[in-house]
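# Fold and geometry: a report
The residues making up each chain are set out below.
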Amino acid sequence: MRFEEARVVAVTVLAVTLALAAFLAVLVIASTFAFTVDQRRRDLALLLGVLGSLAGSALGAGVVRVQTWLMVRVGLLPTGAGAHWHAWVLPACVGVGTALALAGVFLAARRAARVRPLEALEAEGEPARVMTRGRWTTGVLLGAGAVVLVALSPLGGPAGGRAMAVCVSLLAALAFAVLAPVAVPALAGVLVPRGGVLGDLARANLRDDVRRSASTAAPLIVLVGLLLGQSGAAWSYTEAAVAQLRSTTAADLVVESTADADGSLAQRLSAVPGVGSASSEVELPAALTTGAGETAFTGIRRVLVVDPGAYERAHPTSGSLQALRGAAVAAGPGALESSTGDRVGVRVGQVDLGPLPVVAAVPQAVGGGPALLLPAGLLPAELLQGSAMRTFVQLQEGSDRRQVAAALTAAGGRGARVSDVQDWLTRSAQQAGSSDTSVLVVVMGLGASYALIGVVNAGVVATSARRREFATARASGLTRRQVVGSAVLETWAVSGAGLLLGVLAAAGTLAAVLIATAGATGTASIDLPWPLVAAVVIGAFAVTGATSVWTAWSATRTAPVQLLRARE
């Protein structure tokens, strides 16, 4: 069951990674073709999609090893896990890759196909051609969707509120990417320092080709919005979970041990001199079945074996568990599918308890937790042997904390660990944060790498296509270094605008987190990963700047007269 639990998590992470990669693939392709499209791009997309899929399949065979190693390293897969080759993978990759290429170029190709030859020769304003009515409508609807999710986040409870909050940055980033032809040049123009030839030239280029600026900034907006939004939500919810657990736990010490075969460990801990009360809780995986007939669903979830009375004393806000006796269960702090009055099928190992009534429910926790509470004695003691057990201990008034802690360590046996409750809360938060960080590293790390490729790709295409423009600037009196400097200044201004819009998109998720955590726990929680923020900002300017220098220097290698001479 533990292996199945890890497998389900790993498969879910891989599915999310695949969906994110497909979304970013369309975004990268669309931003690349947005300012280089003509009537034949549909044919080119088909050809490049097939060739790119074949090349990507070859690279993927090696990359999957890196991804598997990463998932094993962070604990999402057991040691020795690996991927196996199937005959359908290659044709599926080619088909999906080609479909993504066609999807990415579809809108740009359709737009180009509607342009009449004479209209294409007219000097129309670029913003009017870029910001169509459909684009305005799409951007406004996406932005409105983000605002609605922020407003609804406190109504979704701990789990639903979090799900809505993490979607805000996605919708907001897409909205800003769609509206980038308006927002990016305006912001970038403000960021370019005034005064000087290079600054004036950079601002003029930003006004002249808004499509290029928007297409360069779009992958960066999505990258920053998703990365900072998702990581900020993960860190903030971990902080909220710790605060909630601290306010709902009444204990002085926590004993971490493993359950024994006869169930006597809990009694020995309770009998230690100086202990006022003790609540021993054993956590283990179980197969839970909800629904009936065709709607029945079985999943591996965590359950907690408790003494109802002791659990109430250790967790005063849990409510009454008097009905939790015999063959019955209670909905736990991580219950999502069951509530009082339902029946849930429970199987632990080879012991099938059958459908059991849910007779009580404790409040849902922001940090999740066990799906069900089982009364002590419902499962055989030998089945619990070796499972993780934690005991919340309240001391008698006047007892010596150190002496009681030493006695609890001795009574707990080999491997027992006694901690102050505040230390345990901090360590639990670090462990919970480590789990969230592991998922974030696998999903957003690979997604961020793909989006970063899109940022570099857009910069390369945008700059390398400006050879004649650079030649004109040099023929007008600018040196090669000045032309390159102007290109870098323009790129950094666009990058700054993309970063600001991405941060604004992430701020939407953080606003939803504040509202949702306040509604769930009574206290708004926020915790930002400042090292990651700094790394994203510095890395974005470093990557885009280096790309711009390299491509602009390469584009100005040819003498201006050769590029500007008349051609037949």
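Residues numbered from 1 in each chain as written. Predicted model: local features only at pLDDT ≥ 70, side-chain atom pairs only at ≥ 80, totals over all residues. Heavy atoms only, no water.

## A look at the overall build of the protein
Tallying secondary structure elements over the protein gives 19 helices and nine strands in all. Overall size of the protein, expressed as C-alpha extent along the three principal axes, is 95 × 55 × 40 Å. Going through the 568 residues of the protein one by one, you find that 43% of them count as buried. For the protein, restricting intrachain contacts to residue pairs at least 6 apart in sequence, the fraction spanning at least 24 positions comes to 82%. In the structure as shown, the protein presents an accessible area of about 27,700 Å², 63% of it carried by carbon and sulfur atoms. (Helix = DSSP H or I, 4+ residues; strand = E, 2+ residues; numbered from the N terminus. Buried < 20%, exposed > 50% of the residue type's maximum accessible area, 1.4 Å probe, protein only. Contact = heavy atoms within 4.5 Å. Areas by Shrake-Rupley, 256 points an atom, 1.4 Å probe, with all protein chains shown as cover.)

## Thoughts on the pattern of salt bridges
What the rule picks out here adds up to nine salt bridges. Among the ionic pairs, Arg 212 bridges to Glu 490, the shortest N-O distance being 3.3 Å. One end of the pair, Arg 212, is in helix H10 (residues 210-248); the other, Glu 490, is in helix H17 (residues 480-521), with 278 residues separating them in the sequence. The pair formed by Arg 212 and Glu 490 is uniform in burial state, with each residue classed as buried. Residues Asp 420 and Arg 401 are paired through a salt bridge, measuring 2.9 Å at the closest nitrogen-oxygen approach. Note that Asp 420 is positioned in strand E9 (residues 417-420) and Arg 401 in helix H14 (residues 401-412), a separation of 19 residues in sequence. Linked through salt bridges whose partners overlap, the residues forming this network are Arg 212, Arg 466, Glu 469 and Glu 490. (Salt bridge = Lys/Arg side-chain N within 4 Å of Asp/Glu carboxyl O.)

## Concerning a nonpolar patch on the surface
Taken together, the side chains of Leu 47, Leu 48, Leu 51, Leu 54, Trp 85 and Leu 90 define a hydrophobic patch exposed on the protein surface, amounting to about 620 Å² of accessible area. Examining the composition of the nonpolar patch, we find that four residues originate from one element, helix H2 (residues 41-73), more than from any other. (Patch = residues over 30% accessible without salt bridge, like charges linked within 9 Å, V, L, I, M, F, W, Y side chains within 5 Å.)

## So, the nonpolar core
In this structure, Met 71, Val 184, Leu 220, Ile 221, Val 222 and Met 444 are the most contacted members of the largest nonpolar core, which totals 58 residues. By size, the runner-up hydrophobic cluster in this structure holds 35 residues, among which are Ala 259, Leu 269, Val 282 and Leu 374. (Core = buried A, V, L, I, M, F, W, Y, C linked by side-chain atoms within 4.5 Å.)

## With respect to the packing of helix H7 (residues 157-178) against H10
In contact at an axis separation of 8 Å, H7 and H10 are set at 165 degrees when each is read in the N-to-C sense. In this view, H7 runs roughly antiparallel relative to H10, as classed from their interaxial angle. Where H7 crosses over H10, the handedness of that crossing is right-handed. Residues Pro 158, Gly 161, Arg 162, Val 166, Ser 169, Leu 170, Ala 173, Phe 176 and Ala 177 of H7 form the contact with H10, whose own contacting residues are Ala 218, Ile 221, Val 222, Gly 225, Leu 226, Gly 229, Gln 230, Ala 233, Ala 234 and Tyr 237. Partitioning the contact of H7 with H10 into residue classes produces 13 nonpolar, five polar and one charged. (Axes fitted to C-alpha atoms, helices over the stretch in contact; angles between N-to-C directions. Parallel < 35°, antiparallel > 145°, perpendicular 65-115°, else oblique. Left-handed = near helix turned anticlockwise from the far one by under 90°. Nonpolar A, V, L, I, M, F, W, Y, C, P; charged D, E, K, R; others polar.)

## Overview of the side chain of Thr 551
Locating Thr 551 in the fold gives a position in helix H18 (residues 530-555). Overall, Thr 551 belongs to the buried group, its relative accessible area being 4%. Of note is the side chain of Thr 551, whose polar atom sits 2.8 Å from the backbone oxygen of Thr 547. Apart from the residues within four sequence positions on either side, Thr 551 is in contact with Gly 459, Val 460 and Thr 463. (Polar contact = N/O pair within 3.5 Å; in protein donor to acceptor, adjacent residues only side chain to side chain.)

## Details of the packing of aromatic side chains
Evaluated as defined, the whole model comprises two aromatic pairs. Each ring, one from Phe 392 and one from Trp 424, has its centre 5.3 Å from the other, and the planes form 90 degrees; the classification is edge-to-face. Within this pair, whereas Phe 392 is found in strand E8 (residues 388-395), its partner Trp 424 is found in helix H15 (residues 421-464), the two being separated by 32 residues in sequence. Taking the relative accessible area as the measure of exposure, Phe 392 reaches 3% and is therefore buried. Classification of Trp 424 as buried rests on a relative accessible area of 7%. Seen in terms of ring centroids, Trp 492 and Phe 541 are 6.4 Å apart; in terms of plane orientation they differ by 80 degrees. Their pairing is edge-to-face. Taken as a pair, Trp 492 in helix H17 and Phe 541 in helix H18 lie far apart in primary sequence, 49 residues in all. Of the residues examined, Trp 492 reaches a relative accessible area of 40% and is grouped as partly exposed. Sitting over the ring of Trp 553, Arg 480 keeps its end group 3.7 Å from the ring centre. (Phe/Tyr/Trp six-rings, centres within 6.5 Å; stacked < 30°, edge-to-face > 60°. Lys NZ or Arg CZ within 6 Å of the ring centre and 35° of its normal.)

## Re the environment of Arg 427
Position of Arg 427 relative to the elements: it lies in helix H15. Relative accessible area serves as the criterion here: at 15%, Arg 427 is assigned to the buried category. Remark: the alpha-carbon pair of Arg 427 and Ala 493, spanning 66 residues in sequence, is separated by 43 Å.

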